[in-house]
Amino acid sequence: MKEEAIRMKLRIAPALTILGVVALASAPAAVAQEQSGAMQGHQAVLQAPDDLSPVDGEDTPVHIHLTRDARPTASKGGLSTEARRTANMTYHGGKIMPSAATKAIFWGASWATYTGDKITGLDAWYAGFNASNYSKTGGEYTGTNGTTNSGSSFHQGHVIDTSAATGGGSTSAILAEVCKVITSPDPSGNGYYPVYTDVKRGNAGYCAWHSAGSCGGKPVQFAFFFNLDGDAGCDPADTTTGHSQGLAALANVTAHELLEAMTDPASPGAWYDSSGAENGDKCAWTFNVPSVVFPNGTRWKVQGEWSNAAYTAGTGYANSSGQKGCLDGH
Ligand SMILES: [Zn+2]
């Protein structure tokens, strides 16, 4: 989910560059951007190499996965916000991820003694995602560097960092964690590093988000996840797969974030609709079947992902606005 009229700001630090960070028009950032004249449409990048100091709000994540009840359903003129969107997504000039090298990061002190199914389960999720029919729901989008043709991925396992985790309010804090524990990012720039923290969501209106940046000059994609145990706002209500509730919730938002990262990874953006919704956003919290099977035999209750081709052909299932463009590959 991206906000309209967002303000994009590129911060340049010696070993740590954030490319996907948007400040929600906080006053100092907005002033700097007006002066730069660099704003162009949705995801313009501000070149401000002289601005290295933190400004309140400039790290605010923008590609957020809203909770079930925070979805934009407010009525205006008899149509929901979503119904007034264009159905299909359009291309905005950026790169896509032709493949993904994934490595999960479990961050937080409580992972040291964790004995549940989330770590093994998410490793199985990522391993099973490769070449799955589910992954191919994101396989039609072309960017400057190729096409998301197969949704192919390679899972490199996980790393556990038992230092104290931070919440999702700062993209630079999560990027710093990624750069700390991923010492050799994927050399092709297709690294995707999801950070699963042990921090509870509290009052945040989102379950997770994705962003992009670089570690030591190498482009990386990354994502942030709260601990969703017992969190009804981010729960897919999986009653058939046998996974713990916490794993089931993470698996569903994991699907959302990875497919969005593949189709709209960085700045400038690639594929999203007229209100800034990416392929995961457009089908969020809609489930076509009780579970989807991955090639490694694992089953997951995962939302569908928007397909322009399916919508045009009338072969998708309906999102929450009744637009039939969602696919889950089942
Ligand atoms: Zn999203």
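1. Focus on the environment of Pro268
Tracing the sequence through the fold places Pro268 in the loop between helix H4 (245–263) and strand E16 (271–272). Judged by the 19 C-beta atoms lying within 10 Å of it, Pro268 falls in the partly exposed class. It is 4.8 Å that separates the C-alpha atoms of Pro268 and Gly94, two residues lying 174 residues apart in sequence.

2. Let's talk about the pairing of strand E14 (residues 206–215)
Burial analysis of E14 places 9 of its 10 residues in the buried class, which makes it a mostly covered element. Relative to E14, strand E5 (residues 63–66) runs antiparallel, the two sharing 4 bridges. Bridge assignment links Leu66 to a residue of E14, and that residue is Tyr206. Strand direction decides the pairing type here: E14 and strand E15 (residues 218–227), joined by 8 bridges, are antiparallel. The partner of Ala208 across the bridge, within E15, is Phe225. Turn length for the E14-E15 hairpin, with the two strands adjacent in sequence and antiparallel, is 2 residues, and the turn residue Gly216 shows positive phi of about 60°.

3. Considerations on the packing of helix H2 (residues 118–129) against H4
The relative placement of two packed helices comes down to the angle between their axes together with the axis-to-axis distance. Running from N to C, H2 and H4 cross one another at 30°; their axes reach a closest spacing of 10 Å. Relative to H4, the element H2 is oriented roughly parallel. Classified by chirality, the crossing of H4 by H2 is right-handed. Contact residues: H2 offers Lys118, Gly121, Leu122 and Trp125, while H4 offers Gly246, Leu247, Leu250, Ala251 and Thr254. Its residues assigned to classes, the contact of H2 with H4 comprises 5 nonpolar, 3 polar and 1 charged.

4. Concerning the nonpolar core
Counting residues in each nonpolar core, the largest one holds 70 residues, and the members touching the most others are Val178, Val195, Tyr196, Ala208, Phe225 and Leu250. A per-element tally of this core places H4 first, with 11 residues. Among all residues touching Phe225, those that are not within four sequence positions of it are Pro194, Val195, Tyr196, Thr197, Ala208, Leu250 and Val253.

5. Some details on the sheet that holds strand E21 (residues 324–327)
Backbone hydrogen bonds hold the strands of a sheet together, and the pairing may be parallel or antiparallel. Strand order in the open sheet formed by 3 strands is E19-E21-E20, and the pairing between neighbours is antiparallel. Since the sheet does not close on itself, it has two edges, and those belong to strand E19 (305–306) and strand E20 (317–318), each with one partner. The sheet contact formed by E20 and E21 spans 2 bridges and is antiparallel. Residue pairing across strands places Ala318 opposite Lys324, the latter belonging to E21.

6. Observations regarding unusual backbone geometry
The omega torsion of the bond from Ser267 to Pro268 falls at 0°, within 30 degrees of zero and hence cis. You will see that Trp285, though not glycine, has its phi angle at about 65°, which is positive. Structurally, Trp285 can be placed in the loop between helix H5 (279–282) and strand E17 (292–293). Residue classification places Trp285 among the partly exposed residues on the basis of 19 C-beta atoms within 10 Å.

Conventions used here
All residue numbers refer to positions counted from 1 along the written sequence of the respective chain. At least 70 in pLDDT is required for a residue's local features to be given in this predicted model, at least 80 for side-chain atom pairs to be given and counted, and no such filter applies to totals for whole chains, interfaces and linings, which use all residues. Runs of H or I in DSSP of at least four residues are treated as helices and runs of E of at least two as strands, each being numbered from the N terminus. Partly exposed residues are those whose C-beta has more than 12 but fewer than 20 other C-beta atoms within 10 Å; 20 or more makes a residue buried and 12 or fewer makes it exposed, with C-beta atoms placed from the backbone. What makes two strands pair is DSSP finding at least two bridges between them. Every angle, taken between N-to-C directions, lies between 0 and 180 degrees, and every axis is a line fitted to C-alpha atoms, over only the stretch in contact when it is a helix. Put simply, angles under 35 degrees are roughly parallel, angles over 145 are roughly antiparallel, angles from 65 to 115 are roughly perpendicular, and the rest are oblique. Here a crossing is taken to be left-handed if its near helix is turned anticlockwise relative to the far helix by less than a right angle, and right-handed if that turn runs clockwise. Think of it this way: build a C-beta for each residue from its backbone, and any pair within 7 Å is a contact. Polarity classes work like this: nonpolar for Ala, Val, Leu, Ile, Met, Phe, Trp, Tyr, Cys and Pro, charged for Asp, Glu, Lys and Arg, and polar for all others, with Gly in that last group. Put simply, a nonpolar core is a cluster of buried Ala, Val, Leu, Ile, Met, Phe, Trp, Tyr and Cys residues tied together by C-beta atoms within 7 Å.

These results come straight from atomic positions and should not be treated as a statement about function.
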